[in-house]
Amino acid sequence: MVRIGENGLPQWDYPTYDRGEKVALFIPCYIDQFYPQIAEATAEILHRLGIPLVFPEEQTCCGQPAFNSGYWEEARRVIRHFAKVFRPYRYIVCPSGSCSAMCRVFFGQADPDPATTEVGSRVFELTEFLVNILGVTDLGARFPHKVTMHSGCHGRRELGIFDQPISLLKNVKDLVYCELPNIEECCGFGGTFSVKMPGTSIAMGETKAANILRSGADVVTSVDISCLMHVGGIMRRKPEMRHIRVMHIAEILNTRG
Amino acid sequence: MTAVHSQQVSLRGAAFWKAENKGLAEPHGSKALGESAERSSKHNRQIAMAIPYWEEWREAAHQIKRYAIFHLDDLLVQFEKNLTARGCIVLWAKDAEEANQHLLNIVKKHNVKTVVKSKSMVSEEMEVNHVLASVGVKALETDLGEYLVQLAGQRPTHIVTPALHLSASDVGRLFAEKLGEPFTSEHEKLTDIARRHLREEYLRADMGISGCNFGLADTGAICIVENEGNAGLSISAPPVHVALIGIEKVIPSIDYLPQFLNLLARSGTGQKLTTYTHIIHGATPGRTFYVILIDNGRTNVLKDPAARTALFCIRCGACLNACPVYRRVGGWAYGWVYPGPIGSILTPHLVGFDQAGKLPFASSLCGACGEVCPVKIDIPHQLVHLRHRAVNTKSPVRSPLERLIWNAWSWAMGGPLRYRLTMGFVRIGVRLAKFLPFHPAQLGAWTRGRDLPLVPPTTFRSWWRRYGKRFQQPSG
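Computed from a predicted structure; not experimentally measured.

## Re the overall build of chain B
In step 1: What chain B contains, in helices and strands, is 23 helices and 10 strands.
In step 2: By principal-axis analysis of the C-alpha atoms, chain B measures approximately 90 × 50 × 45 Å.
In step 3: Buried positions account for 49% of the 476 residues belonging to chain B.
In step 4: Summarising the internal contacts of chain B: among those between residues at least 6 apart in sequence, 74% fall at separations of at least 24.

Given below as structure tokens:
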């Protein structure tokens, strides 16, 4: 069940985690291919917390690109493959708010089969799994940098992911948290929107990049690297922003001091 | 019919419709519009968040609207009966053309030469000014924003604040050019000029036209909210009043009105209540009061169960102000009466997917619209739903080539081997992209303002194959 909380964001009911139960990793395709270090950090973090992990190698994609483009029939085939691969697991953890939202919120819209929806409902974004299900907010990480956070829209508005990553970051030793001005505004990535309306997408990304610069941080992080692939791509072309590093939150939480 | 024809012309000319444009053309909206919309959105959000039971208010309004829209057939009949009992003449119109025909009949019958008009979005759907002009009747917009837009020969860029794209100096120049007034950019002086020019017209007009914010079925009254006093004058000074009402405006009872007044003012203009709230109970003696109830495509929304909540809209404009795309492209890009997120989910139903099928794609699906909607319309989810409809019906976005590409993608994502093979090609493509002399299509769309991600030597799945074993047992 989803309620709207006091912060205006949805609040979900979470299951409890039975110690020793296997957790399946769902690693979104672009992370698997372009940012493997994020998936590795995710595995390391969960492993250190004593959680046995599986990575079902038949997994591919959550179907979001086709679904958001209107091609639901094509998305459904991929979603059903996802459901088949992940059916055996009670907890599926994914280091992306957007892909997790696709599984938990939009499977039902894309596929009338309740069995698919049920598998989707077991997908949790990494920081909500850590905070809401495991009850962990301090991972013993140390990261002596000024860090700001971009909050991805799907994760925040569909899954209510906002306070979780912030509380995790604030417990990282020597990390200076820098507030991001207009944190609630979209970065302009939007999946295929980024290439269907590139002018507007880039204009939105430039606003986001300027706010990141204004925050004074030298690292920008997020639970969603897809947003940062877009904003980071813009920042790399701007000399005054090149010093700002882009990192997924798992990479920061996996640091040791 | 003239009205429909000119609507089509305006649609085709708009950025999101351009036939020659393969994707979505992207105009730059005015800076004034973007900044004002952002400011309003922040301000209104603060007002809303200051109310501890804001969420309960939204939910209650949503439920009342749900009842109203799902019992529209009964409520409309009751509304008509009670309006008639109060001496009002009720006319029904299935589309803009029929509504205009009713209007022209009224004009003829009462020998109307001049009309004053208060703000009404459904009148924009009908292109009333244009239709009246075609029979030699002069219709004057009396809402300040609408007046400016009419004076400039433009269309509104916002449903609540039609002249949001004009700065004070723009207005000063407009008054200098069209009214021969000395240039000023002072707000008070500008308002004075407008008042001076408008005031006389109310007394001279033969007929007043208004919209309606809420139709009250149980009392047969109509409610109109406004801030300038122009609506009050437009409906009470001339001997004939015609209220143009979309059929979705009816609510069951006057008892529920405060619920909506609370939400509308706060979400629309950031006020606790609008300056004026008129509740009109029938015609005053010696005056004639007409109500035209207009469908104009609204029943198409009813036919689609996944889209029905779009009819809950109370036209507050909060979703426009909140939308980062609207703020950048402005209202005209959406091509028709309703811009922004609500336009993207309403217009395809009202004018057809064959014309407006691109609109649902003009969004990053960020969900800001759904978050601020005071009646909780699930706009972001409907955008995706309408994308699905748009690619499966006759529309500018239906493309056999794109279907083929997504089919291929769907096949490629259907199994691990196919996935690895496809992704292998993607990796090679991204690596080679920097050596290409130019970047075609989607690749070019990405790289015109952004670098591509760097391709790492290995994937996670190959890493897991080598090291995954140690993660399968709990540590320690």
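## Remarks on the overall build of chain A
In step 1: Scanning chain A from terminus to terminus reveals 13 helices and 10 strands.
In step 2: Taking 2.2 N^0.38 as the reference for a compact globule, 257 residues should give roughly 18 Å; the C-alpha atoms of chain A span a radius of gyration of 18 Å, in line with that estimate.
In step 3: If one aligns the C-alpha atoms of chain A with their principal axes, the spans along those axes are about 50 × 45 × 35 Å.
In step 4: Out of the 257 residues belonging to chain A, those deemed buried represent 60%.
In step 5: Across chain A, contacts joining residues at least 24 apart in sequence account for 79% of those joining residues at least 6 apart.

## What to know about the domain arrangement of chain A
Residues and elements named next belong to chain A.
In step 1: Annotation of chain A at the domain level lists domain 1 (2–133) and domain 2 (146–253).
In step 2: Domain 1 and domain 2 are separated by 21 Å when their C-alpha centres are compared.
In step 3: On the side of domain 2, 25 residues touch domain 1, which itself brings 33 residues to the contact.
In step 4: Of all the secondary-structure elements, those providing two or more residues to the side of domain 1 that touches domain 2 are strand S2 (10–12), helix H1 (29–34), helix H2 (36–48), helix H3 (64–68), helix H5 (97–110) and helix H7 (126–133).
In step 5: A breakdown of the residues in the side of domain 1 that touches domain 2 according to their chemical character gives 16 nonpolar, 14 polar and 3 charged.

## Side note on the confidence of the model for chain B
Residues and elements named next belong to chain B.
In step 1: For chain B, per-residue confidence averages 92 on the pLDDT scale, and 93% of positions sit at 70 or higher.
In step 2: Note that residues 1–10 has pLDDT below 50 and, in this model, 20 contacts with residues that lie over four places away or in other chains.
In step 3: Here residues 18–24 scores under 50 on pLDDT; set against residues more than four positions off or in separate chains, the count is 10 contacts.
In step 4: With pTM at 0.94, the complex prediction returns an ipTM value of 0.96.

## What to know about the interface of chain B and chain A
Many authors give the size of an interface as the accessible area that is lost as the parts come together.
In step 1: Between chain B and chain A, the residue contacts involve 59 residues of the former and 62 residues of the latter.
In step 2: Elements that contribute at least two residues to the side of chain B that touches chain A include exactly helix H15 (324–329), helix H18 (368–372), helix H19 (379–391), helix H20 (400–412), helix H21 (416–433), helix H22 (441–447) and helix H23 (460–467) of chain B.
In step 3: The element contributing the most residues to the side of chain B that touches chain A is H19(B), with 6 residues.
In step 4: The residue makeup of the side of chain B that touches chain A, split by class, is 31 nonpolar, 18 polar and 10 charged.

## Digging into the packing of helix H8 (residues 144–152) of chain B against helix H9 (residues 168–179) of chain B
Residue and element names in this part refer to chain B.
In step 1: Where H8 meets H9, the axes come as close as 10 Å, and the angle between the chain directions of the two elements is 55°. On the basis of their axis angle, the class for H8 and H9 is oblique. In the crossing of H8 with H9, the sense of the turn from one axis to the other is left-handed. Residue-level inspection shows Leu148, Leu151 and Ala152 of H8 in contact with H9, the latter providing Val171, Leu174 and Lys178.
In step 2: Within the contact of H8 with H9, the residues separate by chemical class into 5 nonpolar, no polar and 1 charged.

## Overview of the nonpolar core
In step 1: Of all hydrophobic cores here, the largest spans 219 residues; its most connected members are A:Val93, B:Val115, B:Ile292 and B:Cys319.
In step 2: Among the elements that take part in this core, H5(A) stands out by supplying 8 residues, more than any other.
In step 3: Among residues more than four places away in sequence, those in contact with A:Val93 are A:Val23, A:Leu25, A:Phe26, A:Leu46, A:Phe124, A:Leu126 and A:Phe129.

## Considerations on the environment of B:Gly343
All names here are of chain B.
In step 1: Here Gly343 lies in helix H16 (residues 340–351).
In step 2: Gly343 gets classed as buried once you count the C-beta atoms within 10 Å, which come to 26.
In step 3: Distance from Gly343 to Cys319, taken between C-alpha atoms, is 9.7 Å for residues 24 residues apart in sequence.
In step 4: Each residue touching Gly343, except ones within four places of it in the same chain, is listed here: Tyr334, Trp336, Tyr338 and Leu359.

## Notes on unusual backbone geometry
In step 1: The phi angle at B:Arg315 is positive, at roughly 55°, despite the residue not being glycine.
In step 2: Backbone geometry at B:Ala441 places phi at a positive 45°, although glycine is not the residue there.

## A short note on the sheet that holds strand S6 (residues 123–125) of chain A
All names here are of chain A.
In step 1: One open sheet accounts for 4 strands, arranged S4-S3-S5-S6; its pairing is parallel. Every interior strand has two partners, whereas the edge strands, strand S4 (53–54) and S6, have only one.
In step 2: Here 2 bridges tie strand S3 (residues 23–25) to S4, and the two strands are oriented parallel to one another. Bridging across to S4, Ala24 finds its partner in Val54.

## What to know about the domain arrangement of chain B
In step 1: Domains assigned within chain B are domain 1 (28–299) and domain 2 (416–471).
In step 2: Centre-to-centre, using C-alpha coordinates, domain 1 of chain B lies 54 Å away from domain 2 of chain B.

## Things to note about the environment of A:Ile183
In step 1: You can see A:Ile183 is positioned in the loop between strand S8 (176–178) and helix H10 (193–196).
In step 2: A:Ile183 sits 137 residues away from A:Leu46 along the chain, and the two C-alpha atoms are 28 Å apart.

## Focus: the pairing of strand S4 (residues 207–210) of chain B
Residues and elements named next belong to chain B.
In step 1: The alternating pattern of S4 places Met207 and Ile209 on one face and Gly208 and Ser210 on the opposite face, and all of these are buried.
In step 2: Where S4 and strand S7 (residues 240–246) come together, 4 bridges link them in parallel fashion. Looking at the pairing, Met207 lines up with Val240 of S7.

## A look at H2(A)
In step 1: Here H2(A) is 13 residues long and its end C-alpha atoms lie 18 Å apart, about the 18 Å a rise of 1.5 Å per residue gives.
In step 2: Among the residues of H2(A), those classed as buried are A:Pro36, A:Ile38, A:Ala39, A:Ala41, A:Thr42, A:Ala43, A:Ile45 and A:Leu46.

## Some points on the sheet that holds strand S9 (residues 219–222) of chain A
Residues and elements named next belong to chain A.
In step 1: The 4 strands are arranged S8-S7-S9-S10 in an open sheet whose pairing can be described as parallel. Strands with a single pairing partner mark the edges of an open sheet, and in this sheet they are S8 and strand S10 (245–248). On average, adjacent strands in this sheet sit at an angle of 35° to one another, irrespective of strand direction.
In step 2: Contacts from helix H9 (residues 163–170) reach strand S7 (146–149) and S8 within the one sheet, and its direction differs from that of S7 by about 175°.

## Some words on the environment of B:Arg204
In step 1: As for its position among the elements, B:Arg204 is in helix H10 (residues 187–204).
In step 2: For B:Arg204, a count of 12 C-beta atoms within 10 Å gives the class exposed.

## A look at H20(B)
In step 1: Given a rise of 1.5 Å per residue, 13 residues ought to cover 18 Å, and the 18 Å separating the end C-alpha atoms of H20(B) matches this to within 8%.
In step 2: When H20(B) is considered as a whole, its buried residues turn out to be B:Trp406, B:Trp409, B:Ser410 and B:Ala412. Looking straight down H20(B), one finds that the buried residues subtend no more than 160° of arc, so they occupy a single side. Turned more than 90 degrees off the buried face of H20(B), the exposed positions are B:Pro400, B:Leu401, B:Leu404 and B:Ala408.
In step 3: Packing partners of the buried residues in H20(B) comprise H3 and helix H4 (72–86) of chain A together with H21 of chain B.

Rules behind the numbers
- Residues numbered from 1 in each chain as written.
- Chains lettered and ligands numbered in written order.
- Predicted model: local features only at pLDDT ≥ 70, side-chain atom pairs only at ≥ 80, totals over all residues.
- Helix = DSSP H or I, 4+ residues; strand = E, 2+ residues; numbered from the N terminus.
- Buried ≥ 20, exposed ≤ 12 C-beta atoms within 10 Å, placed from the backbone.
- Contact = placed C-beta atoms within 7 Å.
- Rg over C-alpha atoms; globule rule 2.2 N^0.38 Å.
- Domains from an automatic or database assignment.
- Nonpolar A, V, L, I, M, F, W, Y, C, P; charged D, E, K, R; others polar.
- pLDDT = per-residue confidence, 0-100.
- Axes fitted to C-alpha atoms, helices over the stretch in contact; angles between N-to-C directions.
- Parallel < 35°, antiparallel > 145°, perpendicular 65-115°, else oblique.
- Left-handed = near helix turned anticlockwise from the far one by under 90°.
- Core = buried A, V, L, I, M, F, W, Y, C linked by C-beta atoms within 7 Å.
- Pairing = 2+ DSSP bridges.
- Expected span 1.5 Å × (residues − 1).
- Arc of directions from axis to C-beta.

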